[in-house]
Amino acid sequence: MAEEEQKPASMGQVKALIRRRLRRLPEHQEQSLNIYPMMDVMTILLVFMIMQFAQESANVVQSTELQIPYSTSRAALDQSMTITISRAEITVEGRPVLTLRNGMVDPSQKQGGGSGFLITSLHRVVIQHRDRLKAIAQLSGRRRPFTGEVQIIADRRTPFRTLSEVIYTLGQAEFASLHFVVLQQQQHH
Amino acid sequence: MRNGQQDWGELTTCARRVKLQFEDENQVILSADPEVEFGDIIAAMDALRGDNDLFPNILLSAGVR
């Protein structure tokens, strides 16, 4: 028996032993940094910051066609659909809807012509936005209800007639809560 | 009007006089001629609001013309 134990191992036995030992070793683990949780955190932070900035001030670029009036109001802005009335055009969420002539709407753009108040092309676009916002409200339950809020960024020279026509058209599309975007008075001085 | 410019301070004074008579009232209806500029509408709203102690709820009316 003792002689058998001291017998040198054959090449096949050595190879089998090496294979067994190798199998016992843990598999090579990749030592890299998992960046997915970090990306999630960064995305959440980015969304939070964008929403924060959007609530604090409107993103408005002033030009010769768009000069925003000053006001003593200190009311904060909410996130809502934006309508811009410059001297040359009306845009909804940054997309041009109709052109203006010195801030006036062409009678051909209104239901009933010159004496009309409903701006047909604007009405068509805001109806689409209303339906989209209502669909979002329906999907989100009570978290984002449709409030009919609009913020109006208008050139200070816009005639009251044009403003009335825009407000009337918005009202016909269930947008009844209006906020005028102004510059705070202290920035003027 | 003063020197061809609107006297918004005078409008605030007038609103203050009205407020003294109707202390519980917070609303005011603002209307204007079609050619009045938006900047003047905002100035009138500021004048009527005062320091939020006069008429903070301002309703815009296009009027019937």
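Residues numbered from 1 in each chain as written. Chains lettered and ligands numbered in written order. Predicted model: local features only at pLDDT ≥ 70, side-chain atom pairs only at ≥ 80, totals over all residues.

## A look at the nonpolar core
Considering soluble globular proteins, one finds that nonpolar side chains tend to be buried as a cluster.
Logical step 1: Core analysis: the largest hydrophobic core is formed by 33 residues, its most contacted members being Ile152(A), Ala154(A), Val166(A), Leu170(A) and Ile41(B).
Logical step 2: Where this core is concerned, the elements lending two or more residues are strand E2 (81–85), helix H4 (120–140), strand E6 (149–154) and helix H5 (160–172) of chain A together with helix H2 (38–49) of chain B.
Logical step 3: Among the elements that take part in this core, H2(B) stands out by supplying seven residues, more than any other. (Core = buried A, V, L, I, M, F, W, Y, C linked by C-beta atoms within 7 Å. Buried ≥ 20, exposed ≤ 12 C-beta atoms within 10 Å, placed from the backbone. Helix = DSSP H or I, 4+ residues; strand = E, 2+ residues; numbered from the N terminus.)

## Here we look at the interface of chain A and chain B
Accessible area lost upon the coming together of the parts serves often as the stated size of an interface.
Logical step 1: Listed as interface residues are 18 residues of chain A and, on the opposing side, 13 residues of chain B.
Logical step 2: Looking at which element gives the most residues to the side of chain A that touches chain B, the answer is H5(A), with six residues. (Contact = placed C-beta atoms within 7 Å.)

## Observations concerning the sheet that holds E2(A)
All names here are of chain A.
Logical step 1: Taken in spatial order, the six strands make up an open sheet running E5-E4-E3-E2-E6-E7, and their pairing is mixed. Bordering the open sheet on either side are strand E5 (104–105) and strand E7 (177–180), each of which pairs with just one other strand.
Logical step 2: Note that strand E4 (residues 95–101) and E5 share two bridges and pair antiparallel. Considered in E5, the bridge of Arg-101 is made with Met-104.
Logical step 3: Packing of H4 onto the sheet brings it into contact with E2, strand E3 (89–92) and E4, and relative to E4 it is tilted by some 155°. (Pairing = 2+ DSSP bridges. Axes fitted to C-alpha atoms, helices over the stretch in contact; angles between N-to-C directions.)

## A short note on the confidence of the model for chain B
Detailed reading of the predicted coordinates is not advisable wherever pLDDT falls low.
Residues and elements named next belong to chain B.
Logical step 1: Mean pLDDT over chain B: 87, with 89% of residues reaching 70 or higher.
Logical step 2: The weakest mean pLDDT in chain B belongs to strand E2 (residues 57–61) at 87; the strongest belongs to H2 at 93.
Logical step 3: Predicted as a complex, the structure gets a pTM of 0.71 and an ipTM equal to 0.85. (pLDDT = per-residue confidence, 0-100.)

## Quick notes on the packing of helix H1 (residues 8–21) of chain B against H2(B)
Residue and element names in this part refer to chain B.
Logical step 1: With their axes 8 Å apart at the nearest point, H1 and H2 run at an angle of 40° to one another. One finds that H1 runs oblique with respect to H2. For the pair H1 and H2, the sense of crossing is right-handed. Only Ala-43, Ala-44, Ala-47 and Leu-48 of H2 make contact with H1, whose side of the interface consists of Trp-8, Leu-11, Thr-12 and Ala-15.
Logical step 2: Each residue belonging to the contact of H1 with H2 can be placed in one class, and the counts come to seven nonpolar, one polar and no charged. (Parallel < 35°, antiparallel > 145°, perpendicular 65-115°, else oblique. Left-handed = near helix turned anticlockwise from the far one by under 90°. Nonpolar A, V, L, I, M, F, W, Y, C, P; charged D, E, K, R; others polar.)

## Description of the pairing of strand E1 (residues 27–31) of chain B
All names here are of chain B.
Logical step 1: Here E1 runs beside E2; their pairing, made up of five bridges, is parallel. By the bridge assignment, Leu-30 is partnered in E2 with Leu-60.
Logical step 2: Handedness of the E1-H2-E2 crossover: right-handed. (Right-handed = clockwise from strand over helix to strand, strands pointing away.)

## Some points on H1(B)
Logical step 1: The end-to-end C-alpha distance of H1(B) is 20 Å, a good match for the 20 Å that 14 residues give at a rise of 1.5 Å each.
Logical step 2: Little of H1(B) is tucked away: zero of the 14 residues are buried. (Expected span 1.5 Å × (residues − 1).)

## What about the environment of Gly171(A)?
Residue and element names in this part refer to chain A.
Logical step 1: Tracing the backbone through its elements, the reader meets Gly-171 in helix H5.
Logical step 2: Taking the C-beta count within 10 Å as the criterion, Gly-171 has 14 such neighbours and is therefore assigned partly exposed.
Logical step 3: The sequence separation of Gly-171 and His-123 amounts to 48 residues, and the corresponding C-alpha distance is 9.5 Å.

## Section: the environment of Thr169(A)
Logical step 1: By secondary structure assignment, the location of Thr169(A) is in helix H5.
Logical step 2: When residues no more than four places from it in sequence are discounted, the contact partners of Thr169(A) are Leu118(A), Ile119(A), Leu122(A), His123(A) and Val126(A).

## Quick notes on unusual backbone geometry
Logical step 1: Even without being glycine, Glu93(A) reaches a positive phi, approximately 50°.
Logical step 2: Looking at the secondary structure, you find Glu93(A) in the loop between E3 and E4.
Logical step 3: Here Asn52(B), not a glycine, exhibits a phi torsion of approximately 65°, which is positive.
Logical step 4: The residue Asn52(B) is located in the loop between H2 and E2 in this model.

## Let's talk about the packing of H4(A) against H5(A)
Residue and element names in this part refer to chain A.
Logical step 1: Direction vectors running N to C along H4 and H5 enclose 40°, while the axes themselves pass 9 Å from each other. Accordingly, the angle class assigned to the pair H4 and H5 is oblique. Read as a crossing pair, H4 and H5 show a hand that is right-handed. Residues Leu-122, His-123 and Val-126 of H4 lie in contact with H5, whose contacting residues are Val-166, Thr-169, Leu-170 and Gln-172.
Logical step 2: Residue classes in the contact of H4 with H5 are distributed as four nonpolar, three polar and no charged.

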